[in-house]
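Commentary on secondary and tertiary structure
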Amino acid sequence: MKWTKFYLPDAYSPTMEQLVYFHDHTMSIITSITILICILLNSLLWNKLIDLNMNEHQMIETWWTILPTIVLFLIAIPSLKILYSMEELINPTISIKSMGHQWYWSYEYSDKFCKELESYMKYNKKNDFRLLEVDNKMKAPFLTQIRMIFSSSDVLHSWTIPCLSIKMDAVPGRINQSSLMIKKPGIFMGQCSEICGANHSFMPIMLESIKLNKFIKWIS
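This is a predicted model, so every value here is computed, not measured.

So, on to the overall build of the protein chain. Looking only at helices and strands, the protein chain features three helices and 10 strands. The order of helices and strands in the protein chain, counted from the N terminus, is α-α-β-β-β-β-β-β-β-β-β-β-α. Relative to its length of 220 residues, the protein chain is extended, with a C-alpha radius of gyration of 24 Å against a globular reference of 17 Å. With the C-alpha coordinates of the protein chain rotated into their principal frame, the extents come out at 80 × 40 × 35 Å. Taken across its 220 residues, the protein chain has 31% of its residues classed as buried. In the protein chain, once contacts between residues fewer than 6 apart in sequence are set aside, the share between residues at least 24 apart is 63%. Per element, the accessible surface of the protein chain, about 14,900 Å² overall, is 61% carbon and sulfur. Charge separation in the protein chain, taken as the distance between the mean sites of 21 positive and 19 negative side-chain charges, equals 12 Å.

Spelled out as structure tokens, the structure:
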């Protein structure tokens, strides 16, 4: 991902791939409608043709009511399918709890071995990503179904990694959950997406995706 890039970030989860496909599908429909409207407006501006028989035409009125309904169905059906798939949690292998604090994140692994770590933003160094580097990265295995649990100890936060299509609010006194499936190894970055206070922009998220056997060695 580069600062000058106008398109969506590369997808590294199945859900994000579906969201990119849905974006392309919707934009193709919107572009087609926009071109058609421009052609019709151009025709109205430059032509002086008048047809008195077209003042009332029941068939045309019927079709311009039916066609927008069909277009809305073409957009709504895949949208609802993705929405419901994002909420599904089917036999997660690992559960990771993320707690938002002012202003850092803490992570808790408590399935087999109890492991906790706190993730603070690091000061800028020559090879660090500015405002995105942390001292303790959250580690997770790729090609593994993961359940993410979110909460907060003080104010509202939002745990967000765009290329993994995950964005969930961390609410004090409440637990939210989301599914996560990473397709490739790598380091993925995000930031808190809720205005949570003076240092809101200084609590980045850095997730490192590793092999399952390396993850087991690390957590044990």
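From this point, the narrative continues.
Read across the sheet, five strands follow the order 3-2-1-5-8 without closing on themselves; strand pairing throughout is mixed. At either end of the open sheet lies a strand with only one pairing partner, and these are strand 3 (115-119) and strand 8 (176-180). For this sheet the average axis-to-axis angle between neighbouring strands, irrespective of direction, equals 20°. Bridge count between strand 2 (residues 104-109) and strand 3: five bridges; the pairing is antiparallel. If you follow S106 over to strand 3, its bridge partner there is E118.

It is worth spelling out the UniProt feature "domain: Cytochrome oxidase subunit II copper A binding" (unreviewed entry) in the protein chain at this point. Feature annotation in UniProt places "domain: Cytochrome oxidase subunit II copper A binding" (unreviewed entry) on residues 91-220, given in this structure's numbering. Taken as a whole, residues 91-220 contains 6% helix and 45% strand, while its terminal C-alpha atoms sit 22 Å from one another.

Spatial ordering of the open sheet is given by 4-10-9, a layout of three strands whose pairing is mixed. Only two strands of the sheet have a single partner each, and these edge strands are strand 4 (138-141) and strand 9 (186-191). Strand-to-strand, the axes of this sheet are offset by a mean angle of 25°, without reference to chain direction.

Once that is clear, we can look at the packing of aromatic side chains. A complete count under the given rule lists six aromatic pairs for this structure. When the ring of Y109 is compared with that of W218, the centres are 5.3 Å apart and the planes differ by 80°; the resulting orientation is edge-to-face. Here Y109 is found in strand 2, whereas its partner W218 is found in helix 3 (residues 212-219), with 109 residues between them in sequence. The buried category is assigned to Y109, whose relative accessible area is 1%. A residue is classified by how much of its surface remains accessible, and W218, at 25% relative accessible area, is partly exposed. Clustering of aromatic rings is evident, with ring pairs tying together Y109, F215 and W218. Against the face of W218 rests K115, its NZ or CZ located 4.9 Å from the ring centre.

Reading guide: rules and limits
Residues numbered from 1 in each chain as written. Predicted model: local features only at pLDDT ≥ 70, side-chain atom pairs only at ≥ 80, totals over all residues. Heavy atoms only, no water. Helix = DSSP H or I, 4+ residues; strand = E, 2+ residues; numbered from the N terminus. Rg over C-alpha atoms; globule rule 2.2 N^0.38 Å. Buried < 20%, exposed > 50% of the residue type's maximum accessible area, 1.4 Å probe, protein only. Contact = heavy atoms within 4.5 Å. Areas by Shrake-Rupley, 256 points an atom, 1.4 Å probe, with all protein chains shown as cover. Lys, Arg positive; Asp, Glu negative; His and termini not counted. Charge placed at Lys NZ, Arg CZ, Asp CG, Glu CD. Pairing = 2+ DSSP bridges. Axes fitted to C-alpha atoms, helices over the stretch in contact; angles between N-to-C directions. UniProt positions renumbered as here; feature names shortened; annotations may be inferred. Phe/Tyr/Trp six-rings, centres within 6.5 Å; stacked < 30°, edge-to-face > 60°. Lys NZ or Arg CZ within 6 Å of the ring centre and 35° of its normal.

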